[in-house]
Amino acid sequence: QVQVVESGGGLVQPGGSLRLSCKASGSIFSIIAMGWYRQAPGKQRELVASITSGGVTNYGDSVKGRFIISRDNDENTEYLQMNSLKPEDTAVYYCKANVRPASSPSLEFQYWGQGTQVTVSS
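In short, a report on the structure. (Residues numbered from 1 in each chain as written. Predicted model: local features only at pLDDT ≥ 70, side-chain atom pairs only at ≥ 80, totals over all residues. Heavy atoms only, no water.)

## Comments concerning the overall build of the protein
For the record, the criterion: Counting from the N terminus, the helices are the DSSP runs of H or I reaching at least four residues and the strands are the DSSP runs of E reaching at least two. Radius of gyration means the value over C-alpha atoms here, while the globule rule gives 2.2 Å times the residue count to the 0.38 power. The contact criterion used is simple: two residues touch if any of their non-hydrogen atoms lie within 4.5 Å. In this description, accessible areas are obtained by the Shrake-Rupley approach with a 1.4 Å probe, and a residue is regarded as covered only by the protein chains that are shown. By the counting rule applied here, Lys and Arg register as positive and Asp and Glu as negative, while His and the ends of each chain are not counted. To locate a charge, take NZ of a lysine, CZ of an arginine, CG of an aspartate or CD of a glutamate.
Along its length, the protein carries zero helices and 11 strands. For the protein, the sequential pattern of α-helices and β-strands runs β-β-β-β-β-β-β-β-β-β-β. Radius of gyration (C-alpha) of the protein: 14 Å, near the 14 Å computed for a compact globule of 122 residues. Across its three principal directions, the C-alpha atoms of the protein cover 45 × 25 × 20 Å. Pairs at least 24 residues apart make up 54% of the contacts formed inside the protein by residues separated by at least 6 positions. Accessible surface for the protein amounts to roughly 6,500 Å². Of this, 47% is attributable to carbon and sulfur atoms. Taking the average place of the 11 positive charges on the side chains of the protein and the average place of its 10 negative ones, the gap between the two points comes to 4 Å.

## Focus: the packing of aromatic side chains
The condition that has to hold: Working definition: rings of Phe, Tyr and Trp (its six-membered ring) pair if their centres are within 6.5 Å, and the pair is stacked with planes under 30 degrees apart, edge-to-face with planes over 60 apart, and tilted otherwise. Our definition puts a charge over a ring when NZ of Lys or CZ of Arg is within 6 Å of the ring centre and also within 35 degrees of the ring normal.
Per the stated rule, a full pass over the model turns up one aromatic pair. In this structure, Arg 45 packs its charged tip against the face of Tyr 94, placed 4.2 Å from the ring centre. The aromatic ring of Trp 112 is capped on one face by Arg 45, whose charged end is 4.5 Å from the ring centroid.

## Some words on the environment of Ser 27
With respect to the secondary-structure elements, Ser 27 resides in the loop between β3 (18-26) and β4 (28-39). For Ser 27, the contacting residues outside a window of four places in its chain are Gln 1, Val 2, Pro 101 and Ala 102.

## Things to note about the nonpolar core
Formally: Joining through side-chain atoms within 4.5 Å is the link that ties buried Ala, Val, Leu, Ile, Met, Phe, Trp, Tyr and Cys residues into a set, and such a set is a nonpolar core. The rule is simple: take the accessible area with a 1.4 Å probe, protein chains only, and divide by the maximum for that residue type; under 20% is buried, over 50% is exposed, in between is partly exposed.
Ranked by size, the top nonpolar core spans 28 residues in total, and within it Leu 20, Trp 36, Val 48, Phe 67, Leu 80, Met 82 and Tyr 93 carry the most contacts. When contributions to this core are tallied by element, the ones reaching two or more residues are β1 (2-7), β3, β4, β5 (46-52), β7 (67-72), β8 (77-82), β9 (91-101) and β11 (116-120). The contact partners of Phe 67, leaving out residues within four places of it in the chain, are Arg 38, Val 48, Tyr 59, Leu 80, Gln 81, Met 82, Asn 83, Leu 85, Asp 89 and Tyr 93.

## Side note on the sheet that holds β7
Rule in force here: At least two DSSP bridges between two strands are required for those strands to pair. Think of each axis as a best-fit line through the C-alpha atoms, taken over the contacting stretch in the case of a helix, with angles from 0 to 180 degrees between the N-to-C directions.
With antiparallel pairing, four strands are arranged side by side in an open sheet as β1-β3-β8-β7. Bordering the open sheet on either side are β1 and β7, each of which pairs with just one other strand. Each neighbouring strand pair of the sheet contributes to a mean axis angle of 15 degrees, computed without reference to strand direction. Taken together, the six bridges between β3 and β8 define a ladder with antiparallel strand orientation. By the bridge assignment, Leu 18 is partnered in β8 with Met 82.

Here it is as structure tokens:
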């Protein structure tokens, strides 16, 4: 009923920039929040950034001052602008959407995208 698709990953040099996109679609009543998480091999998944429908943002300590999360509520889309990228930013980046589905608008579910690879290397 609800699909979450992210895109924009790729290979970038240290110090470079990359912009990720994530769109939620399907039978959606409302989106409470969307966010980005990342996971590197041998590491736990960690929060990168999140944003509520009202525009309240939260960032992981390692990306503060470098990454910017934004959203287009009308398009059910969020973006992650990644600047000053470092090799340690290399990971699979996953989009998460906290959604009230049209079938059960009083409930909240979390939907995950399939992930997009970001590799920072010279």
